[in-house]
Structures are given as structure tokens and as C-alpha cells.
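Geometric and topological summary
Letter by letter, the chains look like this.
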Amino acid sequence: MGFVVGLVLGLVLGLALIVFFVRSENARSKKRTDLAATVSALARMSVEDSRKLLSPEYYPSWVVFAQRQKLDWLNVQLEKIWPFVNEAASELIKANVEPILEQYRPVILASLSFSKFTLGTVAPQFTGVSIIEDGKEGITMELEMQWDGNPSIILDIKTYLGVSLPVQVKNIGFTGVFRLIFRPLVAEFPCFGAVCFSLRQKKKLDFTLKVVGGEMSSIPGLSDAIESTIRDAVEDSITWPVRKIFPILPGDYSDLELKPVGTLEVKLVQAKELTNKDLIGKSDPYAVLYVRPLRDRMKKSKTINNQLNPIWNEHFEFVIEDASTQHLVVKIYDDERIQASELIGCAQIQLSELEPGKVKDLWLKLVKDLEIQRDNKNRGQVHLELLYIPSGKQNEFVSPFSQNYSMTSLEKVFKTGATANGNGANEGDGPKKRDIIVRGVLSITIISAEDLPPVDLMGKADPFVVLSLNKSGAKNKTRVVNESLNPVWNQTFDFMVEDGLHDMLILEIWDHDTFGKDFMGRCILTLTRVLMEGEYKETLSLDGAKSGKLNLRLKWTHQPIFRDS
């Protein structure tokens with residue numbers, strides 16, 4: 001009996017173990033299959049797929065999505081043929097750069113040329129390659145390059161005093177991205193008609209200057225002048241959008257040449273909360289604006305003395321060669337008079353963010369360096385109005401900007417309307433030019449304010465608003481609303497504006513006291529929007545205050561007048 005019971009128990013236990021083992025193996029097999037499917041799906045994922053699944057804040061700092069492929073094989077082959085590349089490239093670079101060096105030659109020098117130019121024995125290293133999808137016919141390739149070479153570059157410098165100085169350019173360190181464009185594609189080997197070459201991005205360019213057998217300090221300011229000339233020559237010779245075109249097959253490739261594609265009109269309105277760089281008093285800020293950092297293309301504003309919230313209201317115009325890649329840079333400096341100006345902060349905006357023909361009003365946060373993405377220090381903000389007009393479409397868009405009193409696109413619109421009413425000049429009036437000043441009545445309704453900061457001991461205020469035009473100096477003010485942080489005025493004021501394109505409206509809120517008044521905040525507006533829209537309602541946050549908003553309505557009634565010039 002015991003034998004039978006033991007046999008039955010053994011069979012049951014054996015069957016149970018077999019069933020458990022089979023189920024365990026099936027479960028492990030299913031997990032391996034699911035894992036394999038998951039790995040396979042991950043392997044098929046693109047960078048864009050991963051970015052859709054997780055937002056950037058979930059990625060650790062060491063995760064980098066590389067869009068460039070490594071080029072170790074190219075570097076190995078380049079080292080083998082570098083002696084031949086050095087000889088050919090040295091002559092090509094010398095022939096192209098030397099005329100530009102002469103173009104940017106400092107005024108203190110009589111001549112500036114190369115007496116020796118070789119790239120040395122160290123080949124550059126290509127660290128990555130990527131293909132750019134720009135929607136155009138052709139192939140665009142970008143190569144990232146790093147070069148810490150040992151070139152032999154000697155500049156032959158002659159002064160007006162008859163002194164000749166051989167200056168050596170040494171310790172060159174360069175990192176950048178070169179762009180190659182193969183266009184147009186043709187049905188003939190090698191399947192493209194020409195190659196365009198350009199320095200797409202200059203990440204780093206360092207070098208030192210040394211007089212052979214002498215000291216650079218022998219001529220004050222010579223080192224800075226030559227360094228600036230070299231950088232300008234690099235910028236103007238090969239830096240994008242400048243490109244060198246090498247025809248491969250016979251044909252007309254004029255469409256690949258550098259040419260203007262539009263105009264960027266900029267109104268530098270104001271800046272606020274700038275960092276104070278002076279130990280005594282306040283900074284004396286001025287702005288430098290550019291699209292291409294060339295001396296003859298950089299614009300400089302006037303200097304506003306002893307002010308951390310400067311108002312410029314100045315107009316500038318820039319020629320654009322590639323709206324898809326170029327950007328506007330604004331740098332704010334503190335004018336130190338005799339000493340070199342000190343950078344307060346800088347900002348930039350991509351022109352691709354602008355809608356052609358539409359004014360973009362924006363505040364840009366100032367940072368210490370454009371290459372540094374994160375800058376938590378408050379260096380201030382700069383206020384701009386931007387308008388991009390593509391070439392050939394000037395008559396299709398309304399331009400409210402003008403650097404001087406010449407007729408702008410907006411004036412042309414008003415003049416067209418005036419001509420239709422019989423008030424314009426006839427085409428046969430001769431060479432005498434008749435321009436128009438944008439003159440009219442600006443109606444401002446101060447509706448109310450909200451959440452004003454308390455200034456009285458009882459936690460209240462007696463606010464009133466002072467309205468003024470920056471250019472004409474005309475002023476007016478509202479009545480005083482006693483003991484209120486949310487006052488309601490509903491008062492309308494009319495100003496005769498003689499030059500609406502170049503004037504500004506300043507609204508200041510003050511607290512009325514028996515023996516004086518306390519400043520509570522202000523708003524500054526250009527008249528661009530009301531000129532274009534005719535009438536609008538706006539709620540503005542107060543500058544110079546911890547809190548507070550001002551509600552108002554603006555209306556423009558234009559009364560164009562002509563002037564002869």
C-alpha cells in the first residue's frame with residue numbers, strides 16, 4: 001500500500017515539475033520574443049521618432065543626437081595626399097584672399113600682401129558630414145573640420161614711413177563647418193554641373209601675430225589692425241553666404257552666384273534693465289547691429305548717456321543674401337570714451353522666423369555670449385521691430401520704416417491714395433521730387449489700469465497718467481484717481497503728430513502727493529502698429545514696476561502733407 005501511494009505521489013510531483021518547466025520555458029520564450037521585437041522597433045526608430053516619444057527635459061545631459069557621420073576613412077586618405085593638397089590649396093587661397101586683404105588694409109599701412117603662404121604638414125581632421133535637405137534641386141553637404149596646423153604664413157607689411165615689417169601668422173586653431181553644394185543635377189557624368197564651396201559656420205578662429213626679428217609693439221595699434229583685417233578678409237572671402245563656384249561642366253551658373261534676395265528693415269526701439277558697467281553713475285549704452293560682421297555693413301546707434309533704460313528709436317537697413325540661414329545680431333556696449341567699450345550683452349534672431357511683409361515686434365533677452373545657450377544672469381532686454389521684404393516685392397508690402405526723410409513704402413501707399421484723390425504730383429512735373437510726411441491725429445484713450453503697486457503708507461495710491469510724444473515733446477495728463485490700485489479713467493486725448501514714422505508715445509503713471517509725485521511705471525510704444533492698422537486696443541505691462549497693467553485704445557487719422565525736395 002505504501003509503495004502504491006509513493007508511486008502516485010511521485011508521478012503527480014513529476015508531472016507538476018514538467019508542467020512548471022514547460023510553462024516557464026514558454027514564458028521565457030515569449031519574453032525573449034517581445035524583447036527582440038522591441039529592440040527591432042528601437043533599431044528602426046529615427047531621431048525624430050525618439051523626440052516625439054520624449055521631450056528634451058527627459059534626456060540626461062550626456063545624450064546627444066548626432067546628425068553627422070564620422071569620416072575616419074577620409075582623414076586617413078587626406079593625410080596621404082596632403083602634400084599635394086597643400087601645394088594646390090595654398091596657391092588658390094593666396095590668390096583669392098590677397099586682394100581682399102588689400103581691400104581691408106588698415107589706413108596706417110601702405111601695402112599688405114603675402115610673402116609666403118603654405119598650409120604646413122599637418123592635415124585637417126574632418127569630424128563629421130551631413131546632408132542638408134533644403135528642398136532645392138541639387139545636393140548640399142556639410143563637413144565639420146578641425147585644424148590645429150603648423151602653416152608658414154608671412155605677411156609683408158609696408159608703412160607710409162618706408163618701414164617694412166614681415167609679420168608671421170602662427171598658432172592657428174580653427175574649427176568650422178564647410179558647405180559643398182552640387183548643383184544643378186544633370187544627365188551627364190558626373191551628374192552635376194558645378195560645385196559651390198563656402199565656410200558655413202566659423203566656430204573658432206584663433207591665431208597669434210609675431211614680427212620676424214622684432215616686436216609688434218613697435219607700432220601702436222598695429223596688431224589689432226592686422227587681426228581685424230584678417231578676420232574681415234576671412235568673413236568676406238569664403239564665409240557663407242559668400243561662395244566660390246567651380247564649374248565642372250560648361251554652362252551658365254550665374255544663378256549660383258551671391259546676390260541680394262531681400263531687405264531687412266530694423267527699428268531699434270529701446271532697451272531696459274541693462275547691467276550697469278560703471279562704478280560711478282550709470283552705463284552709457286549704444287548698440288551695434290549686423291547681419292554680416294563686416295565693418296562696412298555694421299550699423300551703430302547713438303550713445304545714450306547715463307541710462308540703463310535707453311530709448312533710441314533709430315532705423316537701419318540691411319541687405320540680405322540668404323534669408324533661410326542668416327540672422328540679425330544686436331550687441332549692446334557701454335561707451336567708455338577713451339578706453340575700449342565694454343559689452344553689456346548681445347542677442348540674435350534668425351531671419352527665417354520672420355514672415356515676409358509683416359512687422360515683427362519683439363523683445364530679445366541679452367546674453368553674455370551667443371554661443372552659450374544658458375545664461376541665467378539678467379543682462380537686460382532689447383526691443384526691436386523687424387520687417388523683411390523679399391527682392392522684387394517692395395510694391396506688394398507696406399513698409400512703416402524709414403532711416404531718413406526719403407519716401408518709404410508706407411509713404412508711397414499714402415501718396416498713391418492722395419494721388420487718386422487728385423492731390424498727388426503729376427508724372428510730367430519734371431525732376432522735382434515730392435515726398436510725403438506721415439502726418440495725422442493720434443487719438444489715445446486711457447481706459448484703466450490694473451494691479452498697480454502700492455506706494456502710500458496705507459497700501460493705496462493716487463495714480464494719474466502722463467502722455468508725451470518723444471519727438472515733438474507734446475504732453476498731456478489724465479485726472480487723478482484717489483486711493484485706487486485699479487483706477488478707471490476713460491479719457492481720450494488727441495495729439496497732432498507731424499512725423500508718425502519716427503515718433504514714439506511714452507505713457508508714465510505717477511502717484512499724486514501733496515508735496516510731489518512718485519513714479520509707478522511706464523510704457524513706451526512706437527506708432528508702427530497704429531499706422532498700419534488704423535485702430536486697436538491694447539493691454540501693456542508696466543516697465544519699472546513690480547506689477548501693473550495699462551489698458552488703452554489708439555486710433556490714427558492720417559492727414560498727409562507733401563514736401564518738395
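Shown above is the structure to which this text applies.
We now turn to the structure provided with this report. (Residues numbered from 1 in each chain as written. Predicted model: local features only at pLDDT ≥ 70, side-chain atom pairs only at ≥ 80, totals over all residues. Heavy atoms only, no water.)

Along its length, the protein carries six helices and 25 strands. Burial analysis of the protein (565 residues in total) assigns 42% to the buried set. Considering only contacts within the protein whose residues lie at least 6 apart along the sequence, 65% involve residues at least 24 apart. For the protein, the accessible area works out to roughly 31700 Å², and carbon and sulfur atoms hold 55% of it. (Helix = DSSP H or I, 4+ residues; strand = E, 2+ residues; numbered from the N terminus. Buried < 20%, exposed > 50% of the residue type's maximum accessible area, 1.4 Å probe, protein only. Contact = heavy atoms within 4.5 Å. Areas by Shrake-Rupley, 256 points an atom, 1.4 Å probe, with all protein chains shown as cover.)

Moving on, we get to the packing of helix H3 (residues 72-103) against helix H4 (residues 222-237). For any two helices packed against each other, the geometry comes down to the angle between their axes and how far apart the axes lie. Running from amino to carboxyl end, H3 crosses H4 at an angle of 125°, the nearest separation of the two axes being 9 Å. Regarding the angle of H3 to H4, the classification is oblique. As for the relative orientation of H3 and H4, their crossing is right-handed in sense. Residue-level inspection shows Val 97, Ile 100, Leu 101 and Gln 103 of H3 in contact with H4, the latter providing Thr 229, Ile 230, Ala 233, Asp 236 and Ser 237. (Axes fitted to C-alpha atoms, helices over the stretch in contact; angles between N-to-C directions. Parallel < 35°, antiparallel > 145°, perpendicular 65-115°, else oblique. Left-handed = near helix turned anticlockwise from the far one by under 90°.)

This next bit is on H4. Over its 16 residues, H4 runs 22 Å from end to end, which matches the ideal 22 Å to within 8%, given 1.5 Å per residue. Where H4 is concerned, the buried positions are Leu 222, Ala 225, Ile 226, Thr 229, Ile 230, Asp 232, Ala 233, Glu 235, Asp 236 and Ser 237. Its buried side turned inward, H4 meets H3, strand S1 (109-118), strand S4 (152-159), strand S5 (164-185), strand S6 (192-211) and strand S7 (244-247). (Expected span 1.5 Å × (residues − 1).)

A few words on the packing of aromatic side chains. A complete count under the given rule lists six aromatic pairs for this structure. Here Phe 178 and Phe 197 contribute two aromatic rings whose centre-to-centre distance is 5.3 Å and whose plane-to-plane angle is 15°, an arrangement assigned as stacked. Linking Phe 178 in strand S5 with Phe 197 in strand S6, this pair joins segments that are 19 residues apart in sequence. When the ring of Tyr 286 is compared with that of Tyr 333, the centres are 5.6 Å apart and the planes differ by 20°; the resulting orientation is stacked. Taken together, the positions of Tyr 286 in strand S9 (residues 285-290) and Tyr 333 in strand S12 (residues 327-334) put the pair 47 residues apart, joining distant regions of the chain. Relative accessible area serves as the criterion here: at 8%, Tyr 286 is assigned to the buried category. (Phe/Tyr/Trp six-rings, centres within 6.5 Å; stacked < 30°, edge-to-face > 60°.)

Turning our eyes to something else, we now look at the environment of Gly 173. Within the secondary structure, Gly 173 sits in strand S5. Those residues in contact with Gly 173 that sit more than four places away from it in its chain are Trp 147, Asp 148, Lys 204, Leu 205 and Asp 206.

So, about the side chain of Thr 478. Mapping Thr 478 onto the fold places it in the loop between strand S19 (475-477) and strand S20 (488-497). On the basis of relative accessibility, which here comes to 5%, the residue Thr 478 falls in the buried class. Among the polar contacts made by the side chain of Thr 478, one reaches the main-chain amide nitrogen of Val 465 at a distance of 2.9 Å. Reaching out from Thr 478, the side chain makes a polar contact with the side chain of Trp 489 at a distance of 3.3 Å. The contacts of Thr 478, once residues within four sequence positions are left out, are Ile 446, Phe 464, Val 465, Leu 467, Trp 489, Gln 491 and Phe 493. (Polar contact = N/O pair within 3.5 Å; in protein donor to acceptor, adjacent residues only side chain to side chain.)

For the rest of this paragraph, the subject is the sheet that holds strand S17 (residues 440-450). Pairing is antiparallel in the open sheet, where four strands are placed in the order S20-S17-S24-S23. The sheet is open, and its two borders are formed by S20 and strand S23 (535-541), each paired with just one other strand. Pairwise comparison of adjacent strand axes, ignoring direction, gives a mean angle of 20° for this sheet. (Pairing = 2+ DSSP bridges.)

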